[in-house]
Amino acid sequence: CNNMLVTLTKNFRHIIPTFAFSRRGISDTATIRLYRILLRQLQVLPSKSFLLQTPLNPQDYGRARLIHSLSPKAAGSEFANGYEVHALCNLFARWLLADDNNREEEASILMWYKDTIGQEFHNDRDHDDFEMCSWSSRESILSSLRTCFRVEKSTVHKKEKLGFAIKASLHLQNVACMQEKSTTSIKDGIRVVATSSCIGTASSGIANIQDMKHRFAYRIRVENLPDNDKTVQLLGRSWSIHEDAVTGMAPTDPVVVDAPTGGAVGHLPVLEPGYVFEYMSGCELATKTGNMGGKFYMATVPAGTSSAIVGDEISSFEKKDKFEVPVEPFPLIAD
C-alpha cells in the first residue's frame, strides 16, 4: 500500500506542471494523464463486487449506528442498468462535501454533480442516517469515470474538475489499501465486512520497544441483505485475535473473546431486510502483524421488534431459531 502511494505521488508530480494556462485554459495533457492514472488504479481493484468505503476515523471508536442500506437488491449484484453512474457520483459528491470546503468549493461540487447527472444534489449531510459507502465493481467505476470525463458542457472551471479528479484518485488509493485489510463473509442472508487500520502504538510506564503495543481499530458492517425474508437481531460476538510469530520471540496463544449475549459495543440491534449495523472497536498486538476473526450470534425475530442495549430484557436469548454468522479472519497490519 505504501509503495502504491509513492507511485501515485510521482505521477502527480508529472501532472501538476501541466496545469499551466493557455489561451484555451488548462492543457488537455493534464486531463489525459489523470484519466490514465485512474485507469491504472482501477486495475488493482477486485473484478468482483466490493465495498467502496472511506478510511477509518479514530474518532468513531466505540460508536455504532443502524442505517438503511443503499446496496443493490441482491448479494454481490451490480447496480441496475443506468443507475451505477448516478449512485457512484452521488457517493463521490458526499465524500467531497465531507471535506473541509469553503462556500465556493461546495458550490462547485454541487454544479459538477448537476452537470454530470443532470439533476440537483440533495445535500442531507447533516443527517447521520445515510451511508458513506456503496457496493460497486471495477466495471461500474470505469463506466462512471468515462461518463464524468466525457461531459462536454460544464459550468465548473476545468481546473476545479481536475482537482476533483485528483481527489478521486486519492480516494481510489484509500479504497485499494483498505481492500488489503478487509474480508467479506455471507451466510443466511447476512453479509459482514470487516476492515482494520493501525492507529498508533501504546506502552505502559517507561517506553520499551519490547513492551510496545500496536493499536488497531476495526470497523464491522453487518448487513441484512434486501432480498432476505427475515428480520434478525444481533445478540453477541466471538473473536479470536492472533499475533504472527516473530523470530526470537516465543509464540503467543490467541486472545479469545466470547460474549454470546453482550451484543456489540453495548448494542443488540434489530436489522430489518435492507438495514445495516455498523460499529468501530479495537484491539492491541505486541507484533506488527496478525489477524482477527470470529462470528456473530444472531436470532430471527418478528418484524417490528425493537433494538436493545446491554442490560435490557431480551426475549431473543430464549429463542430456538438462533444462528451464527462467521467473520472471515481479516489482517491486522501496522503500516
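Structure report, in brief.

Procedures and definitions
- Residues numbered from 1 in each chain as written.
- Predicted model: local features only at pLDDT ≥ 70, side-chain atom pairs only at ≥ 80, totals over all residues.
- Heavy atoms only, no water.
- 1 Å grid on protein atoms, 1.4 Å probe; cavity = no way out; pocket = protein on both sides within 12 Å on 5 of 7 lines; lining within 4 Å.
- Points joined across faces, edges and corners; volume = space filled by probe spheres on them.
- Helix = DSSP H or I, 4+ residues; strand = E, 2+ residues; numbered from the N terminus.
- Nonpolar A, V, L, I, M, F, W, Y, C, P; charged D, E, K, R; others polar.
- Pairing = 2+ DSSP bridges.
- Salt bridge = Lys/Arg side-chain N within 4 Å of Asp/Glu carboxyl O.
- Buried < 20%, exposed > 50% of the residue type's maximum accessible area, 1.4 Å probe, protein only.
- Disulfide = S-S within 2.5 Å.

1. Structural notes on the layout of surface pockets
Item 1. Volume-wise, the second largest pocket comes out at about 540 Å³.
Item 2. Trp-112, Leu-145, Cys-148, Phe-149 and Ala-168 are, among the 25 residues lining the second largest pocket, the residues nearest its centre.
Item 3. Mapped by element, the contributors of at least two residues to the lining of the second largest pocket are α3 (84–98), α5 (138–149) and α6 (158–179).
Item 4. Top element by residues in the lining of the second largest pocket is α6. It accounts for eight residues.
Item 5. Class assignment for the residues of the lining of the second largest pocket results in 18 nonpolar, five polar and two charged.

2. Things to note about the pairing of strand β14 (residues 289–301)
Item 1. Judged from the twelve bridges that link them, strand β9 (residues 231–243) and β14 form a sheet pairing that is antiparallel. Bridge pairing in β14 links Gln-233 to Ala-299.
Item 2. In the sheet, β14 pairs with strand β16 (residues 322–333) via ten bridges, with the strands oriented antiparallel. Within β16, the residue paired with Ala-299 across the bridge is Lys-322.

3. Observations regarding the pattern of salt bridges
Item 1. Counted under the stated rule, the structure contains six salt bridges.
Item 2. Taking the shortest distance from any N to any O, the salt bridge between Arg-63 and Asp-60 comes out at 3.2 Å.
Item 3. On the basis of relative accessibility, which here comes to 52%, the residue Arg-63 falls in the exposed class.
Item 4. The exposure class of Asp-60 is partly exposed, given its relative accessible area of 28%.
Item 5. A salt bridge links Arg-65 to Glu-278; the nearest nitrogen and oxygen atoms lie 3.8 Å apart. Placement of Arg-65 in strand β4 (residues 64–68) and of Glu-278 in strand β13 (residues 275–285) is noted, with a sequence separation of 213 residues between them.
Item 6. You can call Arg-65 buried: its relative accessible area is 18%.
Item 7. When salt bridges that share partners are traced, they join Arg-191, Arg-221 and Glu-223 into one network.

4. A closer look at the state of the cysteines
Here, the word disulfide means a covalent bond between the sulfur atoms of two cysteines.
Item 1. Scanning the model with the defined rule gives zero disulfides in all.
Item 2. Looking at the unpaired Cys-89, the closest cysteine sulfur is the one in Cys-148, lying at 3.7 Å.
Item 3. The class of Cys-89 is buried, set by a relative accessible area of 3%.

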